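Each chain is listed here by its residues.
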Amino acid sequence: MSLLDPKIWTGSIFTGDWIASQAGDAPVLEPATGTELGRAGIAGPSDIAAACARAAAAQRDWAAASFEDRAAVLRRAGALFEEHAAEIQDWLVREAGSVQGKAGLETHIAAEESYGAAGLTALPQGDILPTAQKRLSLARRIPAGVVGVIAPFNVPLILGIRSVAPALALGNSVVFKPDPRTAVSGGVSIARVFEEAGLPAGVLQMLPGGAAAGQALVEDPHVRIISFTGSTAAGRQVGQLAARHLKRAHLELGGNSALIVLDDADLDLAVSAGAWGSFLHQGQICMTTGRHLVHEAVAEEYVARLAEKADALPVGDPAKEQVALGPIIDHHQRDKIHDLVTASVESGARVAAGGSYEGLFYRPTVLADVTRDTPAYAQEVFGPVAPVVAFSSLDQAVELARDTEYGLSLGILTADVMKGLALAARIPSGIVHINDQTVDDEAVAPFGGVGASGTGARFGGAAHNVEAFTETQWVTLQGGITPYPF
């Protein structure tokens, strides 16, 4: 039996066992063809409540397990992601519309996240503190308890495992709600890997579900931390709800990232980087290059070359042919993209390439004659659209780059690296790449944005994961009871 055999998960959620959900099931669709690939269990609020109670009960023994035992489970999980990479990638291609390279990146990082999390188990657990009393005083890190993880459809495996793996490694149990649109590649795959890796039953609960399930997860009294990746609008609601229940919420949200192209940049390489930043995975990435800010001396040529490259990129079903872009995830997202492009043209922008679609296949689009009020420039599109705006000075480039509520990723292309670094220092952003485009991720690197892009770097890297998924406890020890004057 394969890792993701539908006989295992059809109509089911994962609680340590595969059981039928109270809220029924929903089709698993292939966006490229509309084919139903199976039916996944869908959780409702009652399923979430039961899962959180189970996770809380299982967490105590898991936290008490030796660090060697927890590390062994995480290492086996990493090996299983590698062993079953081809099968998981096939689901990422068919269910999420990923091209082969993007699917391969997801399984690679999933393995790396698991191996990296294994190392968290052996980190020092705290610090010895100075004290004016005759005692030992220390601050130690302890598991938070139950961690709720909510992940989106676009990069489903990475955006789930990057919270699930470190939270488990640090002694927490996890209730994991993947997006129903990628329930298998982003949910079942993770549950099955940890099931086969020997994670004790109940420590991981995996329940695909919609907004009602997400609200129930945030509100549940067993859950102490929420790790959410998704849109800024949904993230604001999650943050408000978590605050009302006095919970920590780590929010990685939307973006409208700028790529600044200076006049000394190699234009061929800049166009290639810009195309990758805007068109990778059909632009359905939070770090997607949403704004191309190009020096006026090369802006016209940049638009022409970017449009030529966009017109040459093949678009189609990644399960059947080698393409650069696959399908948009669903009709709702496609219509949102096209509405923004249409509104941009109506406001004066010129379509230099693309601007059309067949089914869910949207052509990579380049917009020229753009102003800061152009809808596809001013808003996050979450689609393969590259609006280009010219600037005349570094001060104007800074002004344009800063003119957004988001602050996730920033790319600067220049022959003068130090000039690029100085420019970046003037622009708020959680991530900066000098001489690269805006889309990148590594398991060992801190990831997160500022402003409307979220609550800062809370994903990736040992120190940030420990901070995200543990509590700090002050402990004192002394040889006898202190005498008091009462």
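Preceding this paragraph is the structure being described.
Bear in mind the structure is a predicted one, so any value in this text is a computation, not a measurement. (Residues numbered from 1 in each chain as written. Predicted model: local features only at pLDDT ≥ 70, side-chain atom pairs only at ≥ 80, totals over all residues. Heavy atoms only, no water.)

Draft legend 1. Inspection of the sheet that holds strand β20 (residues 409-413) at higher detail. Read across the open sheet, the seven strands follow the order β14-β17-β18-β13-β12-β20-β21; overall the sheet is mixed. Strands with a single pairing partner mark the edges of an open sheet, and in this sheet they are β14 (350-353) and β21 (431-434). Within this sheet the neighbouring strands show an average axis-to-axis angle of 25 degrees, counted without direction. In this structure, β20 lies alongside β21, joined through four bridges in parallel fashion. Residue pairing across strands places glycine 411 opposite histidine 433, the latter belonging to β21. Running over the sheet, helix α11 (residues 299-312) touches β12 (257-261), β13 (289-295), β14, β17 (365-368) and β18 (385-391) and is turned about 55 degrees from β14. This element, helix α14 (residues 394-402), spans β12, β13 and β18 of the sheet and lies at about 145 degrees to β18. (Pairing = 2+ DSSP bridges. Helix = DSSP H or I, 4+ residues; strand = E, 2+ residues; numbered from the N terminus. Axes fitted to C-alpha atoms, helices over the stretch in contact; angles between N-to-C directions. Contact = heavy atoms within 4.5 Å.)

Draft legend 2. Main features of helix α7 (residues 184-197). Of all 14 residues making up α7, twelve are buried, and the element is well covered by its neighbours. By the burial criterion, the buried members of α7 are Val184, Ser185, Gly186, Gly187, Val188, Ser189, Ile190, Ala191, Arg192, Val193, Phe194 and Ala197. (Buried < 20%, exposed > 50% of the residue type's maximum accessible area, 1.4 Å probe, protein only.)

Draft legend 3. Structural context of the side chain of serine 21. If you trace the backbone, serine 21 turns up in the loop between β2 (18-20) and β3 (25-29). At 3.0 Å, the side chain of serine 21 and the backbone oxygen of isoleucine 42 are in polar contact. If sequence neighbours within four positions are ignored, serine 21 has contacts with Gly11, Ile13, Gly41, Ile42 and Asp47. (Polar contact = N/O pair within 3.5 Å; in protein donor to acceptor, adjacent residues only side chain to side chain.)

Draft legend 4. How the structure looks around a nonpolar patch on the surface. Taken together, the side chains of Ile128, Leu136 and Leu477 make up a nonpolar region of the molecular surface, amounting to roughly 300 Å² of accessible area. With respect to the helices, strands and loops of the structure, leucine 136 is situated in strand β6 (residues 136-143). (Patch = residues over 30% accessible without salt bridge, like charges linked within 9 Å, V, L, I, M, F, W, Y side chains within 5 Å. Areas by Shrake-Rupley, 256 points an atom, 1.4 Å probe, with all protein chains shown as cover. Salt bridge = Lys/Arg side-chain N within 4 Å of Asp/Glu carboxyl O.)

Draft legend 5. Representation of the packing of helix α10 (residues 267-279) against α11 in the model. Running from amino to carboxyl end, α10 crosses α11 at an angle of 55 degrees, the nearest separation of the two axes being 10 Å. Taken together, α10 and α11 sit at an angle that is classed as oblique. Crossing of α10 over α11 shows right-handed handedness. Mapping the contact onto sequence places Leu267, Asp268, Ala270, Val271, Ser272, Gly274, Ala275 and Phe279 in α10 and Glu301, Tyr302, Arg305, Leu306, Lys309 and Ala310 in α11. Classifying every residue of the contact of α10 with α11 gives eight nonpolar, two polar and four charged. (Parallel < 35°, antiparallel > 145°, perpendicular 65-115°, else oblique. Left-handed = near helix turned anticlockwise from the far one by under 90°. Nonpolar A, V, L, I, M, F, W, Y, C, P; charged D, E, K, R; others polar.)

Draft legend 6. Looking closely at the pairing of β20. Of all the five residues making up β20, five are buried; the element is thus mostly covered by neighbouring parts of the structure. Here β20 shows a buried face lined by Ser409, Gly411 and Leu413 and a second buried face lined by Leu410 and Ile412.

Draft legend 7. Spotlight on empty space enclosed by the protein. Tallied over the entire structure, the rule returns two cavities of 30 Å³ or more. Considered as a void within the structure, the largest cavity measures approximately 70 Å³ in volume. Forming the walls of the largest cavity are Gly255, Asn256, Gly283, Ile285, Thr288, Thr289, Gly290, Glu380, Val381, Phe382, Gly383 and Val385. By volume, the second largest cavity is sized at about 30 Å³. Lining the second largest cavity are Glu113, Arg162, Asp441, Glu442, Ala443, Ala445, Phe447, Phe459 and Gly460. Taken together, the residues of the lining of the second largest cavity sort by class into four nonpolar, one polar and four charged. (1 Å grid on protein atoms, 1.4 Å probe; cavity = no way out; pocket = protein on both sides within 12 Å on 5 of 7 lines; lining within 4 Å. Points joined across faces, edges and corners; volume = space filled by probe spheres on them.)

Draft legend 8. Representation of the sheet that holds strand β5 (residues 126-129) in the model. Strand order in the open sheet formed by three strands is β5-β6-β23, and the pairing between neighbours is antiparallel. Strands at the two margins of the open sheet, each flanked by one partner only, are β5 and β23 (470-477). Taken over all neighbouring pairs, the strand axes of this sheet differ in orientation by 20 degrees on average, direction set aside. With four bridges connecting them, β5 and β6 associate as antiparallel partners. In the sheet register, isoleucine 128 faces β6, and the bridge partner there is leucine 138. Here helix α16 (residues 462-469) sits on the sheet in contact with β6 and β23, set at roughly 80 degrees to β23.

Draft legend 9. Examining the packing of aromatic side chains more closely. Within this structure, the stated rule accounts for four aromatic pairs. Where phenylalanine 153 meets phenylalanine 382, the ring centres are 6.1 Å apart and the plane angle is 80 degrees; that geometry is what we call edge-to-face. Within this pair, whereas phenylalanine 153 is found in the loop between β7 (146-150) and α6 (156-169), its partner phenylalanine 382 is found in the loop between α13 (375-378) and β18, the two being separated by 229 residues in sequence. In terms of burial, phenylalanine 153 and phenylalanine 382 fall into one category: buried. Arginine 162 extends its terminal NZ or CZ atom over the ring of phenylalanine 459, reaching a point 4.1 Å from the ring centre. (Phe/Tyr/Trp six-rings, centres within 6.5 Å; stacked < 30°, edge-to-face > 60°. Lys NZ or Arg CZ within 6 Å of the ring centre and 35° of its normal.)

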